[in-house]
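Below are the chains, spelled out letter by letter.
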Amino acid sequence: MKSFSFRRYIVSFLTLFFVACGSTKVVPSVDTESPPSEQESHITLLFAGDIMAHNVNYNFGHFDAIWNDIAPIVSAADVAFANVEAPVDDNLPWSTFPQFNMHGSYIDAAINAGFDVFSLANNHTNDQSLNGMRGTLKYFKSKKNIHACGIKEKPNTPLTYQIIEKNDWKILFVAFTELLNSQDSAGYIDYIPSKGKKHDTILADLKKLRDEHPCDVFVVSVHADEPEYIRKVHDYQKQFYHALIQEAHADIVWSNHAHIVKEWEMIPETTQSDGSISRGGLIMYANGNTISGQRTSPQFKKPDTERDYTGDGLMMHVTLSKKTDADGNSAIFFNELTPHFITTYITPAWQFVVRLMDDDLPRSLRRAGLSTWANYLTERKKIMEKIQEKSTWQ
């Protein structure tokens, strides 16, 4: 029986769970009871995708309504992560594609729904130049118990990071982008170009950061330099993300940019023939759009159309446990992964809201006489479940 631990400080065994679409599979283990002197605690993390604000999203207002359906899931997590795909500056006008700007009220609604950790490093970070980035930093600094990183106070300084303490857990969080739409004030962004010296040294830099800041869980957010809307996971990405776990000692790699959902991968910790440990961890290759206006014209008769993937997202709920022995040595384990597929539904009033993509959604739409949407989202749910089938929990 293999245990999914990050670091093998103590020898223990744990029952592993994989929860998907309302069903639970239990993989039995040997001797699951902890010794009397051992203490155990748990934490739940949630990872969403991109929070975007096209004009169809912000023109309607009533932003809390965007999140009403999924807020119970988000707020149930101890810590919930999302990527903010725009500057946040109330001193600048709202702006849609190609140079975004959103106002604080839009992110306030996401925070009210339960999100409390944000990546700010992406290809739209500097859409409003340095003033927009400074406004974004000002906004997030004004929020109590909210964590964000990806923008620097001073140019060309080391990566920003956040240390998130929840209960008796410590999480180290880093977010960087491999691409920018413009080089304007790029020195103020945690920007690691996918080719060049900075990318060559990022593994060592991240490993050093973790060594300097001991933590229970190290989460690395990567805004990937990859084509948008392409479902394939490229070999170079797999190699780099595996290296983030093996060499930089990340525990969770959370990637975005494609604006569609891709598969995820659970890497088990294993002992090599020479006695060395190959580290385990979780990789999410893309969690898609959490909210956006990219799917304004759903192809109801052809739901597998490329653009239609931009209307769906993944929220991955991760439960971890920590076992600590009498000497203070700890081991961290993945207990459970629960994928929640979500979709952006356009109401008859033309408001874009996030809905949980479960069996109840099409039923409720049919009861409301919205059979076209019901049939469409039934097929979209099947498409998302095929992505889940490709994903691994070994």
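Residues numbered from 1 in each chain as written. Predicted model: local features only at pLDDT ≥ 70, side-chain atom pairs only at ≥ 80, totals over all residues. Heavy atoms only, no water.

Student: Outline the packing of aromatic side chains, supporting the account with residue identities and numerical values.
Tutor: How two aromatic rings sit relative to each other is given by the distance of their centres and the angle of their planes. For the structure on display, the rule yields 21 aromatic pairs. Seen from their ring centres, Tyr 139 and Phe 140 are 4.9 Å apart, and the 85° between their planes marks the pair as edge-to-face. Among the residues examined, Tyr 139 registers a relative accessible area of 9% and is labelled buried. Seen from their ring centres, Trp 264 and Phe 341 are 6.4 Å apart, and the 45° between their planes marks the pair as tilted. A residue pair is termed long-range when its members are at least 10 positions apart, and Trp 264 in strand E11 (residues 264-267) and Phe 341 in strand E17 (residues 330-346) qualify at 77 residues. (Phe/Tyr/Trp six-rings, centres within 6.5 Å; stacked < 30°, edge-to-face > 60°. Buried < 20%, exposed > 50% of the residue type's maximum accessible area, 1.4 Å probe, protein only. Helix = DSSP H or I, 4+ residues; strand = E, 2+ residues; numbered from the N terminus.)

Student: So what's going on with the pattern of salt bridges? Which residues, and what values?
Tutor: Scanning all chains against the criterion turns up 18 salt bridges. Between Asp 69 and Arg 355 there is a salt bridge, and its shortest N-O distance comes to 3.6 Å. Remark: Arg 355 occurs in strand E18 (residues 352-356) and Asp 69 occurs in the loop between helix H2 (64-67) and helix H3 (71-76); sequence separation between them is 286 residues. In this structure, Glu 153 and Lys 141 form a salt bridge, with 1.8 Å as the shortest nitrogen-oxygen distance. Residue Glu 153 is found in the loop between strand E6 (147-149) and strand E7 (162-166), and its partner Lys 141 is found in helix H5 (residues 129-141); the two are separated by 12 residues along the sequence. Overall, the relative accessible area of 59% leaves Lys 141 in the exposed class. Here the salt bridges do not stand alone but share partners, grouping Asp 168, Asp 216 and Lys 322 into one network. (Salt bridge = Lys/Arg side-chain N within 4 Å of Asp/Glu carboxyl O.)

Student: Talk me through the environment of Asn 59; I want residue IDs and the actual numbers.
Tutor: For Asn 59, the location among the structural elements is in the loop between helix H1 (55-58) and H2. Look at Asn 59 and you get exposed, because its relative accessible area is 58%. Sequence separation of Asn 59 and Gln 351 is 292 residues, and the distance between their C-alpha atoms is 8.9 Å.

Student: I'd love a proper account of the confidence of the model for the chain, names of residues and values included.
Tutor: Per-residue confidence for the chain averages 90 on the pLDDT scale, and 90% of its residues sit at or above 70. For residues 1-32, every residue scores under 50 in pLDDT, and the model assigns this stretch 102 contacts once sequence neighbours within four places are set aside. (pLDDT = per-residue confidence, 0-100. Contact = heavy atoms within 4.5 Å.)

Student: Requested: an account of helix H8 (residues 360-367), with residues and values cited.
Tutor: Here H8 has its buried residues at Leu 361, Pro 362 and Leu 365. Taken around the axis of H8, the buried residues stretch over an arc of 95°, which confines them to a single face. Those residues of H8 hidden inside the fold are in contact with E17, E18 and helix H9 (371-390). (Arc of directions from axis to C-beta.)

Student: Describe the packing of H8 against H9, and please don't skip the residues or the numbers.
Tutor: At a closest axis distance of 7 Å, the pairing of H8 and H9 adopts a crossing angle of 165°. Between H8 and H9, the interaxial angle falls into the category roughly antiparallel. Considering the relative orientation of H8 and H9, their crossing is left-handed. Judged by residue contacts, Leu 361, Pro 362, Leu 365 and Arg 366 of H8 engage Ser 371, Trp 373, Ala 374, Asn 375, Leu 377 and Thr 378 from H9. Among the residues making up the contact of H8 with H9, the classes are represented as 6 nonpolar, 3 polar and 1 charged. (Axes fitted to C-alpha atoms, helices over the stretch in contact; angles between N-to-C directions. Parallel < 35°, antiparallel > 145°, perpendicular 65-115°, else oblique. Left-handed = near helix turned anticlockwise from the far one by under 90°. Nonpolar A, V, L, I, M, F, W, Y, C, P; charged D, E, K, R; others polar.)

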